[in-house]
Amino acid sequence: MKNGAEETTNAYGLSHISFFLFRISRYALDILFPPLCAYCEAYLDNETTPFCNACLGMIVRQTSLICPICNARMAANKNICTHGKSKRDQYPYLLGAATHYTDPVVRACIHRCKYEKVHSLAPVFAKLLVEYINALDPKPSIFASSPIVVPIPLHMHKERNRGFNQSALIARSFARTMQLPYDELLVKLIDNDPQAQTKKRIARLERMHGAFAVPRPADVRNKTIILIDDVSTSGATLSEAARTLKQAGAKKILALVVAKA
Ligand SMILES: [Zn+2]
Ligand SMILES: [Zn+2]
């Protein structure tokens, strides 16, 4: 019988000999250029993320839901604080943010993910979301209804250029840990960026109008949904996504972001 050792491949899709050479060159590189934490530049013992555990531990965790308009701390199950009925329709969701965007480690993490195509931070962000949800007391009632975890989509062109959707990676990892269903129920029709274009909140909301669609409304009707994004600044993206899901018949929405600006 043929031995077949040469044909066997490993997780990297390499033969044993190539893998051996790959390991040696990695080892040599690590000696010459040891991996450093992207924030404090301490040596990394464990290379699963570009940040050391001390830096990740330093991130200040939030402990309540917040108002999407003024960032005030909110009691469970209330969407905005004292901004009036018309505003309530603009923000048809509860908002949870695990951290604040002013946190320097969070900002460095998010920046790396967005601009250097680092996939390995998605589980770190998902873990921050899980810890945040577990710290909420009481937990929002939406968790009693087996909500569907839905990522904020990127426009097809943007996802193709970037190679992945950061929010989808975080949402998948979060859903897996929380043992909740995951479904990409939204698509993005317009390739725009509300943050970059204008500073006015109303103008941002208007710019996002019609940006999303629900291709399978039957899968949304009467469902509760957890909408996931990495960062929220004005809330225009979350508002438009939540409004689109509501129009398709979603019952209740909790938007969860890693960081709120
Ligand atoms: Zn560090
Ligand atoms: Zn408020």
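All values derive from a computational prediction rather than experimental measurement.

Chemist: Explain the pairing of strand β4 (residues 148-151) here, please?
Modeler: In summary, the side chains of a regular strand alternate between the two faces of the sheet. Neither face of β4 is left uncovered, since the one carrying Ile 148 and Val 150 and the one carrying Val 149 and Pro 151 both have all their residues buried. Relative to strand β7 (residues 224-232), β4 runs parallel, the two sharing four bridges. Residue pairing in the sheet places Pro 151 in a bridge with Ile 228 of β7.

Chemist: Is there a simple way to think about the nonpolar core in this case?
Modeler: As a rule of thumb, soluble globular proteins bury nonpolar side chains together. Ranked by internal contacts, the top residues of the largest apolar core, which has 62 residues, are Tyr 93, Val 150, Leu 227, Ile 228, Leu 245 and Ala 255. Take this core: its biggest share by element is seven residues, from strand β8 (residues 252-260).

Chemist: Just to check I follow, could you spell out the sheet that holds β4 for this structure?
Modeler: Sheet strands line up and pair through hydrogen bonds in the backbone, either parallel or antiparallel. What the six strands build is an open sheet, ordered β2-β1-β3-β8-β7-β4; its pairing is mixed. Of all strands in the sheet, those with a lone pairing partner are β2 (73-74) and β4, marking the two edges. Sheet topology note: the strand β1 (residues 65-66)/strand β3 (residues 94-100) ladder contains two bridges and is antiparallel. Bridge pairing in β3 links Leu 65 to Gly 96. Where helix α4 (residues 104-116) meets the sheet, its contacts fall on β3, β7 and β8, and the angle it forms with β7 comes to roughly 95°. Each of β3, β7 and β8 is contacted by helix α5 (residues 122-135), which is oriented at about 120° to β3, the strand it contacts most.

Cut-offs and rules
Residues numbered from 1 in each chain as written. Chains lettered and ligands numbered in written order. Predicted model: local features only at pLDDT ≥ 70, side-chain atom pairs only at ≥ 80, totals over all residues. Buried ≥ 20, exposed ≤ 12 C-beta atoms within 10 Å, placed from the backbone. Helix = DSSP H or I, 4+ residues; strand = E, 2+ residues; numbered from the N terminus. Pairing = 2+ DSSP bridges. Core = buried A, V, L, I, M, F, W, Y, C linked by C-beta atoms within 7 Å. Contact = placed C-beta atoms within 7 Å. Axes fitted to C-alpha atoms, helices over the stretch in contact; angles between N-to-C directions.

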